[in-house]
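Examination of the molecular architecture
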Amino acid sequence: MSHRIIRILEKKLSKKTWDNWFTTLEIKEITGDKVIFKVGNLFVKDWLQSRYGKVIHRAIHEALGKDLNFEIIYESPSKEVFEANEYKGPLVKKKPLILSELNPEYTFENFVVGTENKALFEVAQEICRKPGKFNPFFIYGGVGLGKTHLLQAIAHRILELFPEKKVLYITSEQFMNDMVDSIKRGSIRDFRFQYRKKADVLLIDDVQFLIGKEGTQRELFHTFNELHDAGKQIVICSDRTPDELNGFPDRLISRFQMGMVMEILPPSRETRYEIAKRLAKRESVDLSDDVAMELASKIDGNLRRLRGAIIKLIIQSSMYKEEIDLSFARQIIGSFQTDSSRVRPLTDVDRLLKAVEKVMGVTPEEIKGTSRTKNVVKARQLFIYILKQEYGKSVQEIAQVIGKKHSTVIHSVKQIGNSVLKDNKYIKGLISEISNTVTTDFAAS
Ligand code: ADP
Ligand code: MG
């Protein structure tokens, strides 16, 4: 008879979810402070951890009447069985591999190049002329700076220049989903064939999503090697440098660094001006110079916000039948800017701050402040560490959130990371308590 926790889980989940993911989950051990599950498949482990943490917590609570942490560990069933592909997971619906779903607007023609990103742009074009020349090409930079646009522009251009080439653009999240699906279907071989043998050019977006997803990292490593050895072009995007992909195996990081690593920089005001005009043009609207200038000066480097403001301008002007002149634009941009300070659902950062406060009694102000009291320092470091490791935030973002130097952020991540490596129970306990508090008390509604 299975354990109560497992039976409760089965009751809580839909039959489909249960059949797809949970049938191989077993309880390995229940210690004083946590429940250890085991599962015979690394990818299913990734999946359960990233998608079902909350419901697992609730089941534990119901079954045992207390909030224990949990851990899922992977225990290989038997290598031969896995390799021989006889792992007969329950079936999931067959989903065709998306070869390339490209946004037709993300082209080089639509990409405005300022002096900041001129070199990057040149290299991107050179790669299209000679795929395999700089291999891999690794682009990193903050949100909304045009990484996805550039990646897809490369895909479009290569398809134009070499129509016979199989160009595969995919986010790393899709890569993982695809992989897990094919494992469940028992068709991992097809998956590998699609990626390793069929693709001539592989473009992977937002690779930082794979932080903490060891199974998928391993698969990516093999895919990478096979394609790279065959001289196939690989292009990767990330919100941080290869070095900063915490938890990625060193061998994978050094592969990423083998070719060309380049940063995409925030556009200057002049570039934002040009981009504003181009973005409006994409919606068939001509922005006047003064309106474009107003947008460029009022809205920072995140081009998604710039685009958002322009779309709003266009919609409102057609609703109110007003022309988009400077005074109208000022009105709209004004409200656009305050949007972010209005009441809104708690962000990850807010939830985490509240959880730290609840667990450690250190307030958000203290976290962001300068106090060097032992408990405050510890809380601050844990906050930083969790933001980095569990939420995948970049050093830059975290530094901004708490108003500290990059070096402080890096130091904190190292400090806590070392304690975790040394299996410091106290620190590890705090980390899971804080993380659990986020999921149970302050979960996103
Ligand atoms: P990221 O992937 O880095 O978060 P995106 O590629 O999604 O950013 O870009 C956000 C938006 O800004 C998209 O609509 C994109 O077309 C536009 N954009 C980004 N960079 C440029 C650029 N240099 N010229 C024109 N539009 C751009
Ligand atoms: Mg993107």
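Residues numbered from 1 in each chain as written. Chains lettered and ligands numbered in written order. Predicted model: local features only at pLDDT ≥ 70, side-chain atom pairs only at ≥ 80, totals over all residues. Heavy atoms only, no water.

In this section: the pairing of strand β1 (residues 26-30). Bridging between β1 and strand β2 (residues 34-39) involves four bridges; their strand directions are antiparallel. In the strand pairing of β2, I30 is matched with V35. Linking two consecutive strands that pair antiparallel, namely β1 and β2, is a turn of three residues. (Pairing = 2+ DSSP bridges. Helix = DSSP H or I, 4+ residues; strand = E, 2+ residues; numbered from the N terminus.)

In the contact formed by helix α12 (residues 269-282) and helix α14 (residues 303-319), the axes pass within 10 Å of each other and the chain directions differ by 50°. As summarised for this structure, α12 and α14 are arranged oblique, according to the angle between their axes. Note on packing geometry: the crossing formed by α12 with α14 is right-handed. Between α12, through R272, I275, A276, L279, A280 and R282, and α14, the contact on the second element is made entirely by L303, L306, R307 and I310. For the contact of α12 with α14, the class distribution of residues is seven nonpolar, no polar and three charged. (Axes fitted to C-alpha atoms, helices over the stretch in contact; angles between N-to-C directions. Parallel < 35°, antiparallel > 145°, perpendicular 65-115°, else oblique. Left-handed = near helix turned anticlockwise from the far one by under 90°. Contact = heavy atoms within 4.5 Å. Nonpolar A, V, L, I, M, F, W, Y, C, P; charged D, E, K, R; others polar.)

Here the UniProt feature "binding site: ATP" (unreviewed entry) sits at G144, G146, K147 and T148. Along the polypeptide, G146 turns up in the loop between β4 (137-140) and α7 (147-161). The buried category is assigned to G146, whose relative accessible area is 17%. Non-local contacts of G146, meaning those with residues more than four positions away in its chain, are made with F111 and I264. Overall, the relative accessible area of 23% leaves T148 in the partly exposed class. (UniProt positions renumbered as here; feature names shortened; annotations may be inferred. Buried < 20%, exposed > 50% of the residue type's maximum accessible area, 1.4 Å probe, protein only.)

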